[in-house]
Amino acid sequence: AKIINNMVISTTDAALYAFDLEQVDIWNNTFKGEPGAFVNDLDNQVSIRNNIFASDADYSFENQDATAVLNMDYNDFYPGGKYQSKVRKSVLKIE
C-alpha cells in the first residue's frame, strides 16, 4: 500500500495514526497535528521517507513501538514545544 503526496491537518488530534502497518510506503506527505504523527506496531517493510511532520504544541513524531522504524529517512520535523519526537519512552529534546 502507499500513502503518497498528501497534506493532512488536524487541530485537535494526530494528523497520522499508523497502527500495525505492513509493507506500506509513506512518502512525500505533510502531516500537521497534535502530534504530527503517532505510530505503533510497524513491521520492517514500512518505509517513511521525504515527509514533513509538524505540531503546534506536541511532538512532531511519536512512536510507541518497542523497535525503531528501520526505513525512515529524509524527513523534516517541526515541533511546537521543546521536544521534537518521542520513540517509546525516549524523548529527543531540542536544545
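This structure is a prediction, so every number in the text was calculated from the model and none was measured. (Residues numbered from 1 in each chain as written. Predicted model: local features only at pLDDT ≥ 70, side-chain atom pairs only at ≥ 80, totals over all residues. Heavy atoms only, no water.)

Draft legend 1. Representation of the confidence of the model for the chain in the model. On average, residues of the chain score 84 in pLDDT, and 81% of them reach the 70 mark or higher. Ranking the elements of the chain by mean pLDDT puts strand S13 (residues 90-93) last with 46 and strand S2 (residues 7-9) first with 98. Low pLDDT (under 50) marks residues 90-95, which in the prediction has 13 contacts with non-local residues, meaning those over four places away or in another chain. (pLDDT = per-residue confidence, 0-100. Helix = DSSP H or I, 4+ residues; strand = E, 2+ residues; numbered from the N terminus. Contact = heavy atoms within 4.5 Å.)

Draft legend 2. Structural context of the packing of aromatic side chains. As enumerated under the stated definition, the model contains seven aromatic pairs in all. With a centroid separation of 5.8 Å and 15 degrees between ring planes, the pair formed by Tyr17 and Phe19 is classed as stacked. When its relative accessible area of 42% is taken as the criterion, Phe19 is described as partly exposed. Arranged with centres 5.6 Å apart and planes meeting at 15 degrees, the rings of Phe53 and Phe77 form a pair that is stacked. (Phe/Tyr/Trp six-rings, centres within 6.5 Å; stacked < 30°, edge-to-face > 60°. Buried < 20%, exposed > 50% of the residue type's maximum accessible area, 1.4 Å probe, protein only.)

Draft legend 3. Representation of the sheet that holds strand S1 (residues 2-4) in the model. With parallel pairing, four strands are arranged side by side in an open sheet as S1-S4-S7-S10. Looking at the sheet topology across the chains shown, the edges are occupied by S1 and strand S10 (71-73). For this sheet, the mean angle separating the axes of adjacent strands, direction not counted, is 5 degrees. In the sheet, strand S4 (residues 25-27) pairs with strand S7 (residues 47-49) via three bridges, with the strands oriented parallel. Of the residues in S7, the one forming a bridge with Ile26 is Ile48. (Pairing = 2+ DSSP bridges. Axes fitted to C-alpha atoms, helices over the stretch in contact; angles between N-to-C directions.)

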